[in-house]
Amino acid sequence: MNNHANTVHEIYEAFGRGDFPAILARCEENVEWEYGTAPHGVPWLEPRHGRNEVAKFFESLAAIEIHSFAPKAILEGEKLVVALVDITFAVKKTGKKVVEQDEAHVWRFNDAGKVVRFRHCSDTNQHIQAFRG
């Protein structure tokens, strides 16, 4: 794995420990989070800009209970990493479950090795339905 793929691996390890400051430290100050998407009311899938806003993404995860999170493939290109992740979680307020297989996480990097853009490519409708109940 190149440095960017290693960074993504380290980010997932930090996520597993709940070490969100370690993740934010790997992001550029003006990082775009959930780039290329429109707002739709699901807090953990909302577009955000800047590290302070990304911190709010991690705060939004308090609304869910993650049952499993398994990155299973990391694909790399120049300044780009795509990770395929299986995740299962329940939305606490509705009890509704989300099961994603091969959810794609797109990570883009700058020359300094910092994350400049990130997005989930997921079954957005499933997330919306679970969030709304």
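Structure: see above.
Throughout what follows, the structure given in this document is the object of discussion. Here the residue index of a chain counts from 1 through its sequence in written order. Reporting in this predicted model follows two pLDDT cut-offs: at least 70 for local features of residues, and 80 or more for side-chain atom pairs to be given and counted; totals over whole chains, interfaces and linings ignore these cut-offs and use all residues. Excluding hydrogens and water, the side-chain values take into account all heavy atoms of the structure.

## Structural notes on the overall build of the protein chain
- For the purposes of this entry, the term helix denotes a DSSP run of H or I that reaches at least four residues, the term strand denotes a run of E that reaches at least two, and both are numbered from the N terminus. Along the backbone of the protein chain there are four helices and six strands.
- When the helices and strands of the protein chain are placed in sequence order, the string is α-α-β-β-α-β-β-β-β-α.
- The C-alpha atoms of the protein chain give 14 Å as radius of gyration, which agrees with the globular expectation for 133 residues (14 Å, within 12%).
- Over its C-alpha atoms, taken along the principal directions, the protein chain stretches across nearly 40 × 30 × 25 Å.
- Across the 133 residues of the protein chain, 41% fall into the buried class.
- Contact between two residues is taken to exist if any of their heavy atoms lie within 4.5 Å; hydrogens are not considered. In the protein chain, the proportion of contacts linking residues at least 24 apart, taken out of those at least 6 apart, comes to 52%.
- Shrake-Rupley sampling with a 1.4 Å probe provides the accessible areas, and residues are treated as covered by the protein chains on show and by no other component. Of the roughly 6,800 Å² that the protein chain leaves accessible, carbon and sulfur atoms contribute 48%. Taken over C-alpha atoms, the radius of gyration is set against a globule rule of 2.2 Å times the number of residues to the power 0.38. Note on exposure labels: buried denotes an accessible area under 20% of the residue type's maximum, exposed denotes more than 50%, and partly exposed covers the range between, all computed with a 1.4 Å probe on protein chains only.

## A short note on the side chain of Glu46
- Turning to its location among the elements, Glu46 is positioned in the loop between β1 (27-33) and β2 (48-49).
- In this charge count, Lys and Arg are treated as positive and Asp and Glu as negative; neither His nor the chain ends contribute. The term salt bridge refers to a side-chain nitrogen of Lys or Arg lying within 4 Å of a carboxyl oxygen of Asp or Glu. Of the buried charged residues, Glu46 lacks a salt bridge, with Arg48 as the closest side chain of opposite charge at 6.9 Å.

## Thoughts on the sheet that holds strand β6 (residues 115-121)
- The sheet built from six strands is open, its strands ordered β2-β1-β6-β5-β4-β3 with mixed pairing. The two strands at the open ends of the sheet, each matched to only one other strand, are β2 and β3 (64-77).
- In this structure, β1 lies alongside β6, joined through three bridges in parallel fashion. When the bridges of β6 are listed, Cys27 appears paired with Val115.
- The strands that helix α1 (residues 3-17) touches are β3, β4 (80-91), β5 (97-109) and β6; relative to β3, the one it contacts most, it runs at about 175°.
- Interaxial angle, 0 to 180 degrees, is taken between N-to-C directions of lines fitted to C-alpha atoms, where a helix line uses only the stretch in contact. Contacting β1, β2 and β6, helix α3 (residues 51-60) crosses the sheet at an angle of about 60° to β1. Paired strands, as defined in this entry, are two strands with at least two bridges between them according to DSSP.

## Notes on the pattern of salt bridges
- In total, this model carries eight salt bridges according to the counting rule given.
- When the shortest N-O distance is used, the salt bridge between Arg26 and Glu10 registers 3.2 Å. One end of the pair, Arg26, is in the loop between α2 (20-24) and β1; the other, Glu10, is in helix α1, and 16 residues separate them in sequence.
- When its relative accessible area of 34% is taken as the criterion, Glu10 is described as partly exposed.
- Arg51 is the partner of Glu29 in a salt bridge, and the nearest nitrogen-oxygen pair spans 3.3 Å.

## Some details on helix α4 (residues 124-132)
- Here α4 has its buried residues at His127, Ile128, Ala130 and Phe131. Summarising the axial view, the buried residues of α4 lie within an arc of 170°, below the 170-degree limit, and thus occupy one face.
- For α4, the secondary structure elements touched by its buried residues are β4 and β5.
- After α4 finishes, the residue Gly133 shows a positive phi value of roughly 80°. Think of it as the arc spanned by the lines of direction from the helix axis to the C-beta atoms.

## Section: the environment of Gln126
- The topology assignment puts Gln126 in helix α4.
- Those residues within four positions of Gln126 in sequence are excluded, and the remaining contacts are Lys97, Val98, Val99 and Glu100.
- Pairs of N or O atoms are called polar contacts if they sit within 3.5 Å, as long as, within protein, a hydrogen donor faces a hydrogen acceptor (for residues adjacent in sequence, only side-chain-to-side-chain pairs). For Gln126, the side chain forms a polar contact with the main-chain nitrogen of Val99, separated by 2.9 Å.

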